[in-house]
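Each chain, letter by letter, is given below.
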Amino acid sequence: MTAASESPQASAPSLAFDNDELAADYERLSATRQFESGKRLAADLGIGTAERVLDIGCGTGLLAEYIAGLVGPEGRVLGIDPLPRRIGVAKAKVRANLAFEVGDANDLGALAEAGFDVVILNAVFHWLPDKPRVLGQFARVLRRGGRIGISTRPPNASGGARLPMYEAMAQAMAEPPFDRYPRPSASFVSQVEPEEMRALLLAAGFMPTLIEVRPSVRVHASPEAVVRFSEASSFGNLLGHLPPELRPAARAAMAARLSALMTPEGIVQQGRRLVAVAVRQ
Ligand SMILES: C[S@@+](CC[C@H](N)C(=O)[O-])C[C@H]1O[C@@H](n2cnc3c(N)ncnc32)[C@H](O)[C@@H]1O
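Student: Even after reading the chapter, I still don't get the site of the ligand, so can you show me in this structure?
Tutor: Around the ligand sit 18 residues in total, of which Tyr26, Gly57, Asp81, Ala105 and Asn122 are the nearest. Interatomic distance of 2.8 Å between a backbone N/O atom of Asn122 and a nitrogen atom of the ligand. Burial of the ligand by the protein amounts to 96% of the accessible area it has alone, namely 590 Å². Cavity membership is defined here by more than half of the atoms lying within 2 Å of grid points; on that basis the ligand lies in the largest pocket. Classifying every residue of the shell around the ligand by side-chain character gives 10 nonpolar, six polar and two charged.

Following this line, the structure appears as structure tokens:
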């Protein structure tokens, strides 16, 4: 995501920019660090055999598939995501204890009350602007004593100023002709500080047991790889505000700016993750 997207006046990202190529890219590009942070969150949650787990914003289903292995044949995992193409990719992983459905965190009304032992959101919470609403939905589908685990991007993920990588992409978009197409809303990611996370969880009826900010390093092989990952993980919101014919030039302009950040190892993104685990009271 670009730093240009980071602002307190966040609104929901568009769900209309995804396409088959971005979904296929996401499956490939999320298999490293994103997947590792999901596995670590599953360990923080202590997911065990026979548990019923809801993976919200499951994307293409890599983490849900892994969790299906943790819960075993006596458990079950449901992955939901509002993007039909991502669910289309995920469905290749379906097995007896693993299902996927198109669904939105803002409305879990189709799911039974207290039907899950665990709710997990890996790299999703910052895409959800109405935190009290979604946390209320999560509390409804969790049984008492059930756990929620959230791994998300906190504000100023570099611990101070914007990450240089985001700064470079924002600078490219501030130049003509791209500057003629401002984003429709000031921001489409909604990040929270650890204290806000704690307060939100308590207000929704959860008792936090872990709230921690961890370093999160991602290495991109090339400037183009940064742009590709940012497009795929934002389901097209990175460049979706531009007319389609301008997007190739925008990718090239971003890559040109990003090339200044190349090291012999690649482009190193020194970010942070906010991890929270809480128990439904
Ligand atoms: C960066 S991906 C993370 C995917 C997956 N959890 C993983 O660990 O790879 C963010 C996901 O959040 C999903 N998302 C966005 N808005 C959502 C909403 N309102 N409800 C549920 N999921 C949403 C997107 O569709 C996307 O698949």
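Student: Whenever I open this one, the sheet that holds strand β2 (residues 76-81) confuses me. Can you help?
Tutor: Backbone-to-backbone hydrogen bonds join strands into a sheet, with any given pair of strands oriented parallel or antiparallel. Ordered in space as β3-β2-β1-β4-β5-β7-β6, the seven strands form an open sheet in which the pairing is mixed. Since the sheet does not close on itself, it has two edges, and those belong to β3 (98-102) and β6 (206-220), each with one partner. The mean inter-strand angle of the sheet, taken between neighbouring strand axes irrespective of direction, is 15°. As judged from the six bridges shared by strand β4 (residues 116-122) and strand β5 (residues 142-152), these two strands associate in the parallel manner. Looking at the pairing, Ile120 lines up with Gly149 of β5. The strands touched by helix α5 (residues 131-141) within the sheet are β1 (52-56), β4, β5, β6 and β7 (267-280), with β5 carrying the most contacts at an inclination of about 140°.

Student: How do you make sense of the packing of helix α8 (residues 223-233) against helix α9 (residues 247-258) when you look at a structure like this?
Tutor: Direction vectors running N to C along α8 and α9 enclose 125°, while the axes themselves pass 8 Å from each other. Put simply, α8 runs oblique to α9. Handedness of the crossing formed by α8 with α9: right-handed. Of α9, the residues touching α8 (which contributes Pro223, Glu224, Val226, Val227, Arg228 and Glu231) are Arg251, Met254, Ala255 and Leu258. Looking at the contact of α8 with α9 residue by residue, the class counts come to six nonpolar, no polar and four charged.

Student: What exactly am I supposed to notice about the packing of aromatic side chains here?
Tutor: Two numbers describe a pair of aromatic rings. These are the distance of the centres and the angle of the planes. Applying the stated criterion across every chain yields a total of two aromatic pairs. Pairing Phe35 with Tyr66 gives two aromatic rings, centres 5.9 Å apart and planes at 90°, and the pair type is edge-to-face. In this pair, Phe35 sits in helix α2 (residues 33-45) while Tyr66 sits in helix α3 (residues 62-71), placing the two residues 31 residues apart along the sequence. Overall, Phe35 belongs to the buried group, its relative accessible area being 16%. Its end group placed over the ring of Tyr66, Lys39 keeps NZ or CZ at 5.6 Å from the ring centre. A cation over an aromatic ring shows up here: Arg76 above the ring of Phe116, its NZ or CZ 5.1 Å from the ring centre.

Student: Quick question: what am I supposed to make of the layout of surface pockets here?
Tutor: Where empty space is left becomes clear once a probe the size of a water molecule has been rolled over the atoms. Of the pockets and cavities examined, the largest pocket occupies roughly 760 Å³. In terms of lining, the largest pocket is formed by 48 residues, of which the most central are Ala123, Val124, Trp127, Ser233 and Phe235. Listing elements by their share of the lining of the largest pocket, those giving two or more residues are α2, β1, α3, β2, α6 (164-173), β6, α8 and β7. Examining the composition of the lining of the largest pocket, we find that four residues originate from one element, β7, more than from any other. In terms of residue class, the lining of the largest pocket is built from 24 nonpolar, 15 polar and nine charged. Taken as a whole, the second largest pocket spans an internal volume of roughly 160 Å³. Considering the residues around the second largest pocket, the lining is formed by 13 residues, among which Arg33, Ser37, Arg40, Pro215 and Arg273 are closest to the centre. Of all the secondary structure elements, the ones that give two or more residues to the lining of the second largest pocket are α2, β6 and β7. No other element matches the six residues that α2 contributes to the lining of the second largest pocket. For the lining of the second largest pocket, the per-class residue count stands at four nonpolar, three polar and six charged.

Basis of the calculations
- Residues numbered from 1 in each chain as written.
- Predicted model: local features only at pLDDT ≥ 70, side-chain atom pairs only at ≥ 80, totals over all residues.
- Heavy atoms only, no water.
- Near = heavy atom within 4 Å.
- Polar contact = N/O pair within 3.5 Å; in protein donor to acceptor, adjacent residues only side chain to side chain.
- Areas by Shrake-Rupley, 256 points an atom, 1.4 Å probe, with all protein chains shown as cover.
- 1 Å grid on protein atoms, 1.4 Å probe; cavity = no way out; pocket = protein on both sides within 12 Å on 5 of 7 lines; lining within 4 Å.
- Sits in = over half its atoms within 2 Å of the grid points.
- Nonpolar A, V, L, I, M, F, W, Y, C, P; charged D, E, K, R; others polar.
- Pairing = 2+ DSSP bridges.
- Helix = DSSP H or I, 4+ residues; strand = E, 2+ residues; numbered from the N terminus.
- Axes fitted to C-alpha atoms, helices over the stretch in contact; angles between N-to-C directions.
- Contact = heavy atoms within 4.5 Å.
- Parallel < 35°, antiparallel > 145°, perpendicular 65-115°, else oblique.
- Left-handed = near helix turned anticlockwise from the far one by under 90°.
- Phe/Tyr/Trp six-rings, centres within 6.5 Å; stacked < 30°, edge-to-face > 60°.
- Buried < 20%, exposed > 50% of the residue type's maximum accessible area, 1.4 Å probe, protein only.
- Lys NZ or Arg CZ within 6 Å of the ring centre and 35° of its normal.
- Points joined across faces, edges and corners; volume = space filled by probe spheres on them.

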